[in-house]
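One letter stands for each residue in the lines below.
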Amino acid sequence: MTTAAPGTSAVFEFDARIRYSEVDHRGQLTLPALIDYFQDCSTFQSEELGVGMLWLKEHQRAWVLTHWQIVIERYPRLAERVTAGTFASSFKSLSATRFFFLRDEAGSLIAKARSTWALIDLASGRPIRPTEEDTARYGTHEPLPMPEETRRVRVPDALAPCEPLTVLRHQIDTNEHVNNGQYVQIALEVLPSDIVPACVRVDYRRSAVLGDTIYPRFAQEDGRTVVVLDAPDGKPYAVVEFS
């Protein structure tokens, strides 16, 4: 079942072509660039519906990502034409669920994702229950089929520490926090080998800001790699799982 505001569709799409700046040494789209496509897609939808950045700022609200589950069938190559899409599937209590997809010219699925979001009151910094005004224009659409997963990424008992790093300006987004995709980029950079994951899960626990120090730790077990990105107090900013 699909619901949306009159004259609109709950599913938003845009066409693109894989750029040289988005590929790695193999000529394939990078994982952070894939996440950027998904993030841009939801941002474009919000802007088109009139509930984008300026509207949120005026209403002292921000949608904050709390969890990713991404499944990648393959990584598209340089100059390949793709279509990115997104839709909300539910708004419940203090959270919202949004799905994403990337398709090739033939319509075949390249990647898909399920994400969870919280609406934050910027004045208090606390999650709030979305109102009809916050959600009605998006509508909802039936979820994409995704693998079953636990609510949170399980952190291994023993993790190897890596060199700490300082948050730089290019990692900050319009909310003055480290951008969601940057945590994944940091996690990939600290790994001892170049991996090409088929599945990615991320738990976002708290927000890092400009000048903060991040202390990465990682472990490999049971066909997965887990990177924990800690704050100086030992509590994580984010936990990233690749498999």
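Residues numbered from 1 in each chain as written. Predicted model: local features only at pLDDT ≥ 70, side-chain atom pairs only at ≥ 80, totals over all residues. Heavy atoms only, no water.

Chemist: Explain the pattern of salt bridges to me, please; I cannot follow it from the model alone.
Modeler: For side chains of opposite charge, pairing can occur when their charged atoms come near one another. Under the counting rule described, the total for this entry stands at 15 salt bridges. Among the ionic pairs, E149 bridges to R114, the shortest N-O distance being 3.6 Å. Within this pair, whereas E149 is found in the loop between α3 (132-135) and β7 (160-161), its partner R114 is found in strand β5 (residues 109-121), the two being separated by 35 residues in sequence. Taking the relative accessible area as the measure of exposure, R114 reaches 23% and is therefore partly exposed. Note that R217 is salt-bridged to D230, the shortest N-O span being 2.8 Å. Of the two residues, R217 is situated in strand β10 (residues 213-221) and D230 in strand β11 (residues 224-230); the sequence distance between them amounts to 13 residues. Taking the relative accessible area as the measure of exposure, R217 reaches 28% and is therefore partly exposed. D230 gets classed as buried once you look at its relative accessible area, which sits at 5%. (Salt bridge = Lys/Arg side-chain N within 4 Å of Asp/Glu carboxyl O. Helix = DSSP H or I, 4+ residues; strand = E, 2+ residues; numbered from the N terminus. Buried < 20%, exposed > 50% of the residue type's maximum accessible area, 1.4 Å probe, protein only.)

Chemist: Even after reading the chapter, I still don't get the pairing of β11, so can you show me in this structure?
Modeler: Each regular strand carries side chains that alternate between the two faces of the sheet. The buried count for β11 comes to 7 of 7 residues, which makes it a mostly enclosed element. Burial along β11 is two-sided: the face carrying R224, V226, V228 and D230 and the face carrying T225, V227 and L229 are both buried. Pairing of β10 with β11, which is carried by 7 bridges, proceeds in the antiparallel orientation. Considered in β11, the bridge of Q220 is made with T225. Note that β11 and strand β12 (residues 236-242) share 6 bridges and pair antiparallel. Note that in β12 the partner of L229 across the bridge is A238. Hairpin connection from β11 to β12: 5 residues lie between these consecutive antiparallel strands, with G234 at a positive phi of about 85°. (Pairing = 2+ DSSP bridges.)

Chemist: I keep staring at the layout of surface pockets and nothing clicks. Help me out?
Modeler: Space left empty within the atom packing is revealed by a probe, the size of a water molecule, rolled over the atoms. When its volume is computed, the largest pocket comes out at roughly 1,200 Å³. For the largest pocket, the lining is made up of 45 residues, of which A62, W63, V64, W117 and N175 are closest to its centre. Considering every element that reaches the lining of the largest pocket, the biggest residue donor is strand β2 (residues 61-72), with 6 residues. For the lining of the largest pocket, the class distribution of residues is 21 nonpolar, 15 polar and 9 charged. In this model, the second largest pocket occupies a volume close to 380 Å³. Taken together, 14 residues make up the lining of the second largest pocket; nearest its centre are T66, H67, T116, R151 and D203. Elements with a minimum of two residues in the lining of the second largest pocket: β2, β5 and β9 (199-204). (1 Å grid on protein atoms, 1.4 Å probe; cavity = no way out; pocket = protein on both sides within 12 Å on 5 of 7 lines; lining within 4 Å. Points joined across faces, edges and corners; volume = space filled by probe spheres on them. Nonpolar A, V, L, I, M, F, W, Y, C, P; charged D, E, K, R; others polar.)

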